[in-house]
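# Geometric and topological summary
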Amino acid sequence: MASFVKGRWGQRPSEDAILDFWRKQGYFPLRFNDNASRIYDRVSRPMEQSISVVAGETVFEVGGRRHALYPGDELIIPAGMEYSARSIVPSQWVMCYLGSGEKRYERLALSSGEHSHLSGLHVKVLEARDVVKKKSF
């Protein structure tokens, strides 16, 4: 079952603070900037994920249960659990793959075009960090 933490990051979360938090833990968070009504089809990932909303409203359906996330909220999705998402209004959020294989998985997802909506600059920064910081998996 997914874990929902209302207000984990406060009512006016800073995207930079959330990104910095995960980077200091050795992870590589991804930014999402969605238009209203952006839909993410049902999918599952091989590791746990953290979703943190910075602005707007995004609804995640995880394991048949809906979670409306607002600025400051965090949702932890367990490894292997199917989920989908829909932005209700223009939204900004941060996702971080957690677990021992997250770096390799992010690299594969980016190279396969799975996160093709991310900016090329962000992808290059992620890849540069991948080369500079080695983390065992």
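It should be noted that the structure appears before, not after, this text.
Residues numbered from 1 in each chain as written. Predicted model: local features only at pLDDT ≥ 70, side-chain atom pairs only at ≥ 80, totals over all residues. Heavy atoms only, no water.

## Details of the pairing of strand 5 (residues 58-62)
On a regular strand, each side chain points to the face opposite its neighbour's, so the side chains alternate between the two faces of the sheet. As a reminder of what qualifies: Working definition: with a 1.4 Å probe on protein chains only, accessible area under 20% of the residue-type maximum means buried, over 50% means exposed, and in between means partly exposed. Going along the chain from the N terminus, every DSSP run of H or I of four or more residues is numbered as a helix, and every run of E of two or more is numbered as a strand. Between any two strands, pairing holds if DSSP finds at least two bridges.
Burial analysis of strand 5 places five of its five residues in the buried class, which makes it a mostly covered element. Residues Thr-58, Phe-60 and Val-62 line one face of strand 5 and the alternating positions Val-59 and Glu-61 line the opposite face, and both faces are buried. As paired elements, strand 5 and strand 6 (residues 65-69) share five bridges and run antiparallel to each other. In the sheet register, Phe-60 faces strand 6, and the bridge partner there is His-67. Linking strand 5 to strand 6, which pair antiparallel, is a turn of two residues; within it Gly-63 sits at a positive phi near 55°. Across five bridges, strand 5 lies against strand 8 (residues 83-87) in antiparallel orientation. For Val-59, the partnering residue across the bridge sits in strand 8 and is Arg-86.

## Re the packing of aromatic side chains
The condition is simple: Two aromatic rings, drawn from Phe, Tyr or Trp (for Trp, its six-membered ring), form a pair once their centres lie within 6.5 Å of each other, and the interplanar angle then sorts them: stacked below 30 degrees, edge-to-face above 60, tilted otherwise. For a lysine, the NZ atom is tested; for an arginine, the CZ atom; a charge sits over a ring if that atom is within 6 Å of the ring centre and within 35 degrees of the ring normal.
Summed over the entire model, instances satisfying the criterion amount to eight aromatic pairs. Relative to Tyr-27, the ring of Trp-22 has its centre 5.9 Å away and its plane inclined at 70°; by these criteria the two rings are edge-to-face. Seen in terms of ring centroids, Phe-60 and Trp-93 are 5.4 Å apart; in terms of plane orientation they differ by 85°. Their pairing is edge-to-face. Taken together, the residues Phe-60 in strand 5 and Trp-93 in strand 9 (residues 91-97) connect sequence positions 33 residues apart. By relative accessible area, which is 0% here, Phe-60 ends up buried. Each residue in the set Phe-32, Tyr-40, Phe-60, Tyr-83 and Trp-93 is aromatic and connected to the rest through ring pairs, giving one cluster. Over the ring of Trp-9 we find Arg-8; its NZ or CZ atom is 4.0 Å from the centre of that ring.

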